[in-house]
Amino acid sequence: MAGDAEAGEKVFRKCKACHQVGEGAENKTGPALNGVVGRVIGGHEDFKYSKTLQEMGEAGDTWTPEHLDAFLKKPKDFAKGTKMAFAGLRKDEDRADVIAYLATFEE
Ligand code: HEM
């Protein structure tokens, strides 16, 4: 399902406690997410990731829309041991929209 980036901006409010995007975005509790769509998993060079995301990245896995969808649905199912303390986005539409929103931010 193709997401709606504008709707995704509202969904992203749930992520803002830990993540920043856009100009001047910095790492907080979670890594800055500019350019995350398509990037290697655990690939922000200045962020200290959990072992599980680090290993996925080392294996060459990238944040395809499909991987993002699975991670955001249930972070701990996609990446057992992740330190992202977030239950997940239950609605398919919310995940598609927030992924479309993230895709508007380049590295
Ligand atoms: C990691 C997205 C909510 C904390 C990530 C990554 C993505 C992401 C894509 C992987 C980044 C990478 O590999 O560079 C989101 C979205 C959220 C959300 C879209 C809202 C729907 C949250 C919240 C928190 C959080 C609320 C804090 C309570 C983290 C942390 C990591 C992470 C600590 C690193 C995980 C690890 O190393 O295992 N997030 N996140 N996130 N996020 Fe979130």
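Going by the structure above, here's the rest.
Residues numbered from 1 in each chain as written. Predicted model: local features only at pLDDT ≥ 70, side-chain atom pairs only at ≥ 80, totals over all residues. Heavy atoms only, no water.

Here we look at the site of the ligand
This is how the line gets drawn: We call a residue near a molecule or strand whenever a single non-hydrogen atom of that residue lies within 4 Å of it. Each polar contact in these results corresponds to two N or O atoms within 3.5 Å; when the atoms are within protein, one needs to be able to donate a hydrogen and the other to accept it, and residues that are neighboring in sequence are counted only if both atoms are side-chain atoms. Counting from the N terminus, the helices are the DSSP runs of H or I reaching at least four residues and the strands are the DSSP runs of E reaching at least two. Gly is placed with the polar residues, together with every amino acid not listed as nonpolar (Ala, Val, Leu, Ile, Met, Phe, Trp, Tyr, Cys and Pro) or charged (Asp, Glu, Lys and Arg).
Lining the immediate surroundings of the ligand are 25 residues, of which Cys-15, Cys-18, His-19, Ser-50 and Met-84 lie closest. Take Tyr-49: an N or O atom from its side chain is 2.6 Å from an oxygen atom of the ligand. Between the ligand and Ser-50, the relevant distance is 2.5 Å, taken from an oxygen atom to a side-chain nitrogen or oxygen of the residue. With 3 residues, helix H3 (residues 65-73) is the single largest residue contributor to the shell around the ligand. In terms of residue class, the shell around the ligand is made up of 16 nonpolar, 6 polar and 3 charged.

Section: the environment of Phe-71
Which entries qualify depends on this criterion: Only protein chains enter the area calculation, which uses a 1.4 Å probe; residues under 20% of their type maximum are buried, those over 50% are exposed, and those in between are partly exposed. We call two residues in contact whenever any of their non-hydrogen atoms come within 4.5 Å of each other.
Positionally, Phe-71 belongs in helix H3. By relative accessible area, which is 6% here, Phe-71 ends up buried. Those residues within four positions of Phe-71 in sequence are excluded, and the remaining contacts are Trp-63, Phe-78, Ala-79, Thr-82 and Met-84.

Description of the coordination of the iron atom of the ligand
Test applied: Here the coordinating atoms are restricted to nitrogen, oxygen and sulfur within 2.8 Å of the metal centre, or 3.2 Å for Na, K and Ca, and because water is not among them the sites may look incomplete.
Protein coordination at the iron atom of the ligand comes from His-19 (NE2) and Met-84 (SD), with a distance range of 2.0 to 2.1 Å. A residue is classified by how much of its surface remains accessible, and His-19, at 11% relative accessible area, is buried. With a relative accessible area of 19%, Met-84 lands in the buried category.

Some points on the environment of Gly-30
Tracing the sequence through the fold places Gly-30 in the loop between helix H1 (5-11) and helix H2 (51-58). Residue classification places Gly-30 among the buried residues on the basis of a relative accessible area of 6%. Spatially, the C-alpha atom of Gly-30 lies 8.3 Å from that of Gln-20, the residues being 10 residues apart in sequence. Setting aside anything within four residues of it in sequence, one finds Gly-30 in contact with Cys-18, His-19 and Phe-47.

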